[in-house]
Amino acid sequence: MPSDPDWLAPRLTDSLGRYTGACLAFCEPATTEEVSQIVRLCSEHGIAIVPQGGNTNRVGAATPDASGDQVVISLRRMNRIRSVDASDFTISVDAGCVLADIQNAAEEADRLFPLSLGAEGSCMIGGNIATNAGGLNVIQYGNTRALVLGLEVVLADGTVWDGMRRLVKDNRGYDLKQMFIGSEGTLGVITGAVLRLFPAPKVHATALCSLDDLDGALKLLSIARNHAASSVCGFEVMSGITLATAEELIPDIRRPFDPLPDWTVLLELSDPRADHDLGPTMEALLAEALEDGAITDAILATSEAQRANLWRYREAIVAAGVQRGAVVRHDVSVPVSEIPDFVRACDSELDELLPGVVPYVMGHMGDGNLHYHMAPPDGMSQEEFAGHVPALDARLYDITARFNGSFSAEHGVGQAKTGQLETYLPGPQYAMAQAIKKALDPKGLMNPGKVFPAT
Ligand code: FAD
Ligand code: LAC
Ligand code: ZN
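Since the model is a prediction, treat every value here as computed from it, not as a measurement.

Parameters and conventions
Residues numbered from 1 in each chain as written. Chains lettered and ligands numbered in written order. Predicted model: local features only at pLDDT ≥ 70, side-chain atom pairs only at ≥ 80, totals over all residues. Heavy atoms only, no water. Helix = DSSP H or I, 4+ residues; strand = E, 2+ residues; numbered from the N terminus. Rg over C-alpha atoms; globule rule 2.2 N^0.38 Å. Buried < 20%, exposed > 50% of the residue type's maximum accessible area, 1.4 Å probe, protein only. Contact = heavy atoms within 4.5 Å. Near = heavy atom within 4 Å. Polar contact = N/O pair within 3.5 Å; in protein donor to acceptor, adjacent residues only side chain to side chain. Areas by Shrake-Rupley, 256 points an atom, 1.4 Å probe, with all protein chains shown as cover. Axes fitted to C-alpha atoms, helices over the stretch in contact; angles between N-to-C directions. Parallel < 35°, antiparallel > 145°, perpendicular 65-115°, else oblique. Left-handed = near helix turned anticlockwise from the far one by under 90°. Nonpolar A, V, L, I, M, F, W, Y, C, P; charged D, E, K, R; others polar. Donors = N, O, S within 2.8 Å, 3.2 Å for Na, K, Ca; no water. Core = buried A, V, L, I, M, F, W, Y, C linked by side-chain atoms within 4.5 Å. Expected span 1.5 Å × (residues − 1). Pairing = 2+ DSSP bridges.

J.: Can you walk me through the overall build of the protein chain in this structure?
T.: Scanning the protein chain for helices and strands turns up 14 helices and 17 strands. Expected size for 455 residues packed as a compact globule is a radius of gyration near 23 Å; at 22 Å, the protein chain falls within 12% of this value. Taken over the C-alpha atoms alone, the protein chain extends approximately 65 × 55 × 45 Å along its principal axes. Within the protein chain, buried positions represent 54% of all 455 residues. A sequence separation of at least 24 residues applies to 73% of the contacts in the protein chain between residues at least 6 apart.

What follows is the structure in structure tokens.
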């Protein structure tokens, strides 16, 4: 019940428990028209709006401020699959559909909706679109931005923009849907979307590789792409310490390599052709990687159960990191070829700043995107570590900029990283972004304090 404080509490706190807000009202509209009416009323009365999906984001983006003056609009009840158009390879959905429900609806039509991430059982497509979510399949299918053909959006004054197009090609001037993708609720409320579907994969080949260093991972990536081309659908890197920590959380898991190597890569290939056995391709590429010294060993899954087991490590790492106190949550990207040098620079410069700081590094190496988290040195309390966090953050962002990277590759800016945007976006880009915000939300009522600092 929206008025019950116990019901409201988790909806007014972010998924990492870092921000807690209050609200004037928590609205759960069931239709686009109801969203429009709420937004129109708020606009007339100068009341700020915070759109909310599954509230799984990592940057406080869907949490209202503490004033109690903001209205939260949850899309939760707008969870209808509007249509599956298998021959167009599209699906039209309400923005409050849970990502896993969209994946399942696509599967029932023998299609794939490829967006896949740890929170897929609770995040909603409107939130995925508003954060331009990345995830585990970007290397093959692109970010959410590449998966959206059309949008329905309630604009800041309550006007409904019906842009639910199923067109692959449409060059009638600016591609305005792109403005709303990744806008984190600061330009309008997304109420519906037309998404791209793909042929459903029928065969997989999955391997866990052990490596001495990330130079090897870079070589492996090249070898994998040369052998398997666009069949490479996952290339996730995990450092030894992340694996060791995850292991503690997974009951009955058999250690894949003993001792655990400094680095591992979870490599997956997929193909929609049922008769296209990927085993020989995977074996050939692993043989070349071994011969080249890129990897030191590999385990190839020979059943669905083994494949699932290999993924269990990757799935457990996020929760394990939180448990280990890897509280500095980072989400950076650099050009893929720079990753080995980038990680070496971070390891050494951050250790200079705080001797013994423990890098907790994993992520989507195939996309040049790493979650470079840090845990406190052995014996240091979380309270003491917290005092070092601002300097560690600042140094990591500076190193990322030096490597021509992004301080926010996946999770967005939210309220956690507003301070970084002006510093790290080249001058005209920040001014252009401000101009777009002003044009689409002239009263500044759409999710204020997110992306841009609160005024
Ligand atoms: P919310 O958290 O509710 O909202 C996120 C932002 O979108 C807010 O700014 C909100 O105001 C806005 N918003 C929500 N709905 C709408 C709407 N209908 N219209 C306009 N604005 C809206 N992210 C990745 O990119 N890749 C990953 O691999 C990944 N893995 C994760 C794993 C775990 C275990 C967890 C907890 C999170 C992970 N995330 C990942 C982060 C998060 O799940 C994604 O960012 C997700 O896309 C957010 O969706 P949501 O529905 O929870 O959005
Ligand atoms: C992941 C989230 C944290 O990659 O982005 O697991
Ligand atoms: Zn990620």
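From this point on, the discussion continues.
J.: Sorry, what's going on with the site of ligand 1 here?
T.: Around ligand 1 sit 34 residues, and of these Pro51, Gly53, Asn55, Thr56 and Asn57 come closest. Take Asn57: an N or O atom from its side chain is 2.7 Å from an oxygen atom of ligand 1. Between ligand 1 and the protein, one listed contact pairs an oxygen atom with a backbone N or O atom of Glu184 at 3.0 Å. If ligand 1 stood free it would expose 980 Å²; the protein chains cover 94% of that surface. Of all the secondary-structure elements, those providing two or more residues to the shell around ligand 1 are strand 2 (49-52), helix 4 (125-130) and strand 9 (188-196). Per-element tally for the shell around ligand 1: the top contributor is helix 4, with four residues.

J.: Looking at this model, I keep getting lost on the packing of helix 7 (residues 214-228) against helix 11 (residues 339-353). Mind explaining?
T.: Packed helices, taken two at a time, are described by the angle between their axes plus the distance between the axes. Running from N to C, helix 7 and helix 11 cross one another at 160°; their axes reach a closest spacing of 8 Å. On the basis of their axis angle, the class for helix 7 and helix 11 is roughly antiparallel. Here the hand of the crossing between helix 7 and helix 11 comes out right-handed. Residue-level contacts link Leu214, Asp215 and Leu218 of helix 7 to Ile339, Pro340, Val343 and Arg344 of helix 11. Its residues assigned to classes, the contact of helix 7 with helix 11 shows five nonpolar, no polar and two charged.

J.: Looking at this structure, how should I read the site of ligand 2?
T.: Inspection of the region around ligand 2 gives Arg314, Val318, His364, His371, Glu410 and His411 as its neighbouring residues. A distance of 2.7 Å separates an oxygen atom of ligand 2 from a polar side-chain atom of Arg314. At a separation of 3.0 Å, an oxygen atom of ligand 2 approaches a polar side-chain atom of His364. Taken by itself ligand 2 offers 220 Å² of open surface, and the protein chains cover 81% of this. Among the residues making up the shell around ligand 2, the classes are represented as one nonpolar, three polar and two charged.

J.: For this particular structure, what's the right way to read the coordination of the zinc ion (ligand 3)?
T.: Around a metal, the idealised angle for a tetrahedral arrangement of four donor atoms is 109.5 degrees; for an octahedral arrangement of six donor atoms it is 90 or 180 degrees. Looking at the zinc ion (ligand 3), the protein donor atoms are His364 (NE2), His371 (NE2) and Glu410 (OE), and they sit 2.1 Å from it. Each donor residue of the zinc ion (ligand 3) belongs to the same chain, with the gaps between them written as H-x6-H-x38-E. Per residue, the accessibility class of His364 equals that of His371, and both read buried.

J.: Would you mind going over the nonpolar core with me for this structure?
T.: The tendency in soluble globular proteins is for nonpolar side chains to be buried side by side. Core analysis: the largest hydrophobic core is formed by 49 residues, its most contacted members being Leu220, Leu267, Leu269, Leu285 and Phe342. When contributions to this core are tallied by element, the ones reaching two or more residues are strand 11 (203-211), helix 7, strand 12 (232-239), strand 13 (263-271), helix 9 (279-292), helix 11, strand 17 (369-375) and helix 12 (382-402). No other element matches the seven residues that helix 7 contributes to this core. Those residues in contact with Phe342 that lie beyond four places of it in its chain are Val332, Val334, Leu396, Ile399, Thr400 and Phe403. Counting 45 residues, the second-largest nonpolar core is a separate cluster that includes Ile38, Ile91, Ala95 and Leu117.

J.: Could you clarify how one ought to interpret the side chain of Ser231 in this entry?
T.: Looking at the secondary structure, you find Ser231 in the loop between helix 7 and strand 12. Residue classification places Ser231 among the buried positions, given a relative accessible area of 11%. Excluding its chain neighbours within four sequence positions, the residues that come into contact with Ser231 are Gln140, Glu268, Leu269, Ser270, Asp271 and Leu278.

J.: Quick question: what am I supposed to make of the side chain of Thr13 here?
T.: Considering the arrangement of structural elements, one finds Thr13 in the loop between helix 1 (5-8) and strand 1 (25-27). A polar side-chain atom of Thr13 sits 3.1 Å from a polar atom in the side chain of Thr20. Ignoring any residue separated from it by four or fewer positions in sequence, one finds Thr13 in contact with Tyr19, Thr20, Asn55 and Thr63.

J.: Got a minute to help me understand helix 2 (residues 32-45) in this structure?
T.: One turn of an α-helix holds 3.6 residues; hence residues three or four places apart share an orientation. Taking 1.5 Å of rise per residue, 14 residues should cover 20 Å, and helix 2 covers 20 Å from first to last C-alpha, within 8% of that figure. Phi turns positive, to about 65°, at Gly46, one or two residues after helix 2.

J.: Any chance you could explain the pairing of strand 8 (residues 160-163) here in plain terms?
T.: The two faces of strand 8 differ: Trp161 and Gly163 on one face are buried, but Val160 and Asp162 on the other face are not. When strand 7 (residues 148-155) meets strand 8, the two strands line up antiparallel, connected through four bridges. When the bridges of strand 8 are listed, Leu151 appears paired with Gly163. Taking the residues between adjacent antiparallel strands as the criterion, strand 7 and strand 8 are bridged by four residues, where Gly158 takes a positive phi near 100°.

J.: Help me understand the environment of Ala207, please; the structure alone is not making it clear to me.
T.: One can find Ala207 in strand 11. Along the backbone, Ala207 and Gly325 are 118 residues apart, and their C-alpha atoms lie at a distance of 29 Å. If sequence neighbours within four positions are ignored, Ala207 has contacts with Val265, Leu266, Leu267, Met282, Leu286, Ile299, Leu300 and Leu310.

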